[in-house]
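# Structure assessment
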Amino acid sequence: MSVATATTGGGGWGQMALWKKILIGMIAGILVGAFLGPEAELLKPIGTLFINAIKMLIVPLVFCSLVVGVTSMQDTAKMGRIGIKSILIYLATTAVAISIGLGLGTIFEPGAGLNMQPDAGAAAAAKEAPSLVSTLIGLIPKNPIEALAGGKILQIIVFALGLGIALNLIGEKGEPAVKMFNSLAEAMYKLTELVMKFAPYGIFALMAWVAGKYGLEVLLPLIKVIAAVYIGCILHVLVVYSGAISVIAGLKPVQYLKGIVNAQMMAFTSTSSSGTLPVSIRCARENLGVSKGTASFVLPLGATINMDGTALYQGVCALFIAQAFGIDLSMADYMTIIATATLASVGTAGVPGAGLIMLSLVLTTVGLPMEGLAIVAGIDRILDMARTCVNVSGDLMVSVLIGKSENELNEDIYNAKDPVSEPEMVQS
């Protein structure tokens, strides 16, 4: 619905796309903050309400989405085998992607020198980060209700995955619970959509406060953030995906890169993995030679759980926020960020505002200030184009690997000199 209204020529504020509203809110907030100076502190409570609303979503959204994501997988022999292979590859590439993001964040240091002041609670939480061993031991919750109440994200993720698997194993007896979780997940998606409608106003207030307190210098590092994310996305496609095509499948990566261009174009302009799905399936079948059955299963699964581009973006942004607020992250924090983003990708890919929601999840897990969301929210659309392009490229890479391993890849089509499919603009 929002895509349709965004593409119409006219319309006022109500018909404008959310990313445009957020960008306007950010720019207006910067201007107002620069004008008001320290008095912009009066606007901060409006932004705090928005941050609190996002915090409110995290636990129920992640829990319900993960349970639904696991229970939705068909458990027949072949589909189960393909599903397991796909999920393992998706999770592995997601972990690599966020590692690249953290590495680029370390190299570029986009937030260095900003000297922003975190709330006392956030600073304390960051200083008390657990060791790697205690993090691993603490993955299994002694009391899942306590984990839910306390917002212990990694424990919640593990419990949700276990519960989803158990519901699948008990068959018909689990169907009522599955229906309940599906209903709750849909309600959380709708609530997330409602909260995100408030985003332009929350971002306006927070950016006014930031600009009033720290001045316009806070904007310059955003160029570094954009550069780091785009460089990381290009490296991930050219090195990780092309390398997997060459090493694992034994195929020419150039043919893969040629065959996915149409889907990449659609993903870059639409910023929607789901909206790109029809083009992705056509590219997989007609350009890459993947069988209909494999493409029809692997690609929708990837559109749901594969978030390599988003994970890379989170790595860069998490370090940017840590550097901006002068918080040093330990190796345990790095491992926690990688684990959280990788596991959470199973359940939050299809959620509106997924990038900001998942970033808030990562920030919460390692005790970084949530106020940092406001700084990156204004450039989220620019970053979203690159990360969606990577997500779709990863989906197609996995479809080729699975097709090859299942002997369902037509290499004559794959090795054809020229791709045959053109992008089809999906209206829905």
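Residues numbered from 1 in each chain as written. Predicted model: local features only at pLDDT ≥ 70, side-chain atom pairs only at ≥ 80, totals over all residues. Heavy atoms only, no water.

The subject of this paragraph is the overall build of the protein. Along the backbone of the protein there are 21 helices and zero strands. Here the protein holds 428 residues, and 51% of them are scored as buried. A fraction of 84% describes how many contacts in the protein between residues 6 or more apart in sequence connect residues 24 or more apart. (Helix = DSSP H or I, 4+ residues; strand = E, 2+ residues; numbered from the N terminus. Buried < 20%, exposed > 50% of the residue type's maximum accessible area, 1.4 Å probe, protein only. Contact = heavy atoms within 4.5 Å.)

If you check the backbone angles, Glu109 has positive phi at about 45° while not being a glycine. Its place among the elements puts Glu109 in the loop between helix H4 (77-108) and helix H5 (120-127). Using a relative accessible area of 43% as the deciding quantity, one classes Glu109 as partly exposed. The residue Asn407 is not glycine, and still its phi comes out positive at about 55°. Inspection of the secondary structure assignment puts Asn407 in the loop between helix H20 (380-405) and helix H21 (411-414).

The next point concerns the environment of Ile54. With respect to the helices and strands, the residue Ile54 is situated in helix H3 (residues 44-71). Using a relative accessible area of 1% as the deciding quantity, one classes Ile54 as buried. Between the alpha carbons of Ile54 and Ser360 there is a distance of 7.6 Å; along the sequence they are 306 residues apart. Every residue in contact with Ile54, bar those within four places of it in the chain, is listed here: Val195, Ile357, Ser360, Met370 and Leu373.

To continue, consider the side chain of Asp395. Its place among the elements puts Asp395 in helix H20. Despite its burial, Asp395 remains without a salt bridge, the nearest opposite charge being carried by Arg387 at 13 Å. Those residues in contact with Asp395 that lie beyond four places of it in its chain are Tyr90, Val298, Leu299, Gly302, Ala303 and Asn306. (Lys, Arg positive; Asp, Glu negative; His and termini not counted. Salt bridge = Lys/Arg side-chain N within 4 Å of Asp/Glu carboxyl O.)

Counted by the stated rule, this structure contains four aromatic pairs. Taken together, a centroid distance of 6.3 Å and an interplanar angle of 55° make the contact between Phe50 and Phe198 tilted. You can see Phe50 sitting in helix H3 and its partner Phe198 sitting in the loop between helix H9 (175-197) and helix H10 (199-214), a full 148 residues away along the chain. Residue Phe198 is classed as partly exposed on the basis of its relative accessible area, which comes to 31%. Between the aromatic rings of Phe63 and Phe181, the centroid separation amounts to 5.7 Å while the plane-to-plane angle is 70°, which identifies the pairing as edge-to-face. With Phe63 in helix H3 and Phe181 in helix H9, this residue pair connects regions lying 118 residues apart in the sequence. Overall, the relative accessible area of 9% leaves Phe181 in the buried class. Ring pairing ties together the aromatic residues Phe50, Phe198 and Tyr201, which thus form one cluster. (Phe/Tyr/Trp six-rings, centres within 6.5 Å; stacked < 30°, edge-to-face > 60°.)

With that out of the way, let us pick up the side chain of Thr93. Positionally, Thr93 belongs in helix H4. Classification of Thr93 by relative accessible area gives buried; the value is 9%. Once residues within four sequence positions are removed from consideration, Thr93 is found in contact with His236, Val240, Tyr241, Asn306, Asp308 and Met397.

This paragraph deals with the packing of helix H16 (residues 308-324) against H20. One can describe the packing of H16 onto H20 by two numbers: an axis separation of 6 Å at closest approach and a directional angle of 135°. Our classification of the angle between H16 and H20 gives oblique. Residues Asp308, Gly309, Thr310, Tyr313 and Cys317 of H16 form the contact with H20, whose own contacting residues are Asp380, Leu383, Arg387, Val390 and Asn391. Residue classes in the contact of H16 with H20 are distributed as four nonpolar, three polar and three charged. (Axes fitted to C-alpha atoms, helices over the stretch in contact; angles between N-to-C directions. Parallel < 35°, antiparallel > 145°, perpendicular 65-115°, else oblique. Nonpolar A, V, L, I, M, F, W, Y, C, P; charged D, E, K, R; others polar.)

Here we come to the confidence of the model for the protein. Summarising the model, the protein shows a mean pLDDT of 79, and 83% of its residues fall at 70 or more. This model gives residues 121-130 a pLDDT under 50, and the stretch forms eleven contacts once residues within four places in sequence are excluded. Contacts for the low-pLDDT stretch residues 421-428, under 50 throughout, to residues beyond four places or in other chains number 16 contacts. (pLDDT = per-residue confidence, 0-100.)

It is the contact of helix H11 (residues 221-247) with H20, at a shortest axis distance of 10 Å, that shows an interaxial angle of 5°. Relative to H20, the element H11 is oriented roughly parallel. Taking contact as the criterion, the partners of Val225, Ile226, Val229, Tyr230, Cys233, His236, Val237, Tyr241, Ala244 and Ile245 in H11 are, on H20, Ile382, Leu383, Met385, Ala386, Arg387, Val390, Ser393, Gly394, Met397, Val400 and Leu401. Classifying every residue of the contact of H11 with H20 by side-chain character gives 17 nonpolar, three polar and one charged.

Under the criterion given, the structure shown has zero disulfides. The thiol sulfur of Cys389 is not disulfide-bonded, and the nearest other cysteine sulfur, from Cys233, lies at 8.0 Å. (Disulfide = S-S within 2.5 Å.)

Right, let's get into the pattern of salt bridges. On inspection of all chains with the given rule, the structure shows four salt bridges. As a salt-bridge pair, Arg282 and Glu286 come within 3.2 Å of each other at their nearest N and O atoms. With Arg282 and Glu286 both in helix H14 (residues 273-286), this residue pair falls four residues apart, about one helical turn. Judged by its relative accessible area of 26%, Arg282 is partly exposed. Among the ionic pairs, Asp384 bridges to Arg387, the shortest N-O distance being 3.3 Å.

Turning to the environment of Ser296, a few remarks are in order. On the secondary structure map, Ser296 appears in helix H15 (residues 292-305). Judged by relative accessible area, Ser296 falls into the partly exposed class, the value being 38%. In the structure, Ser296 is positioned 19 residues away from Leu277 in sequence and 9.5 Å away in space, judged by C-alpha atoms.

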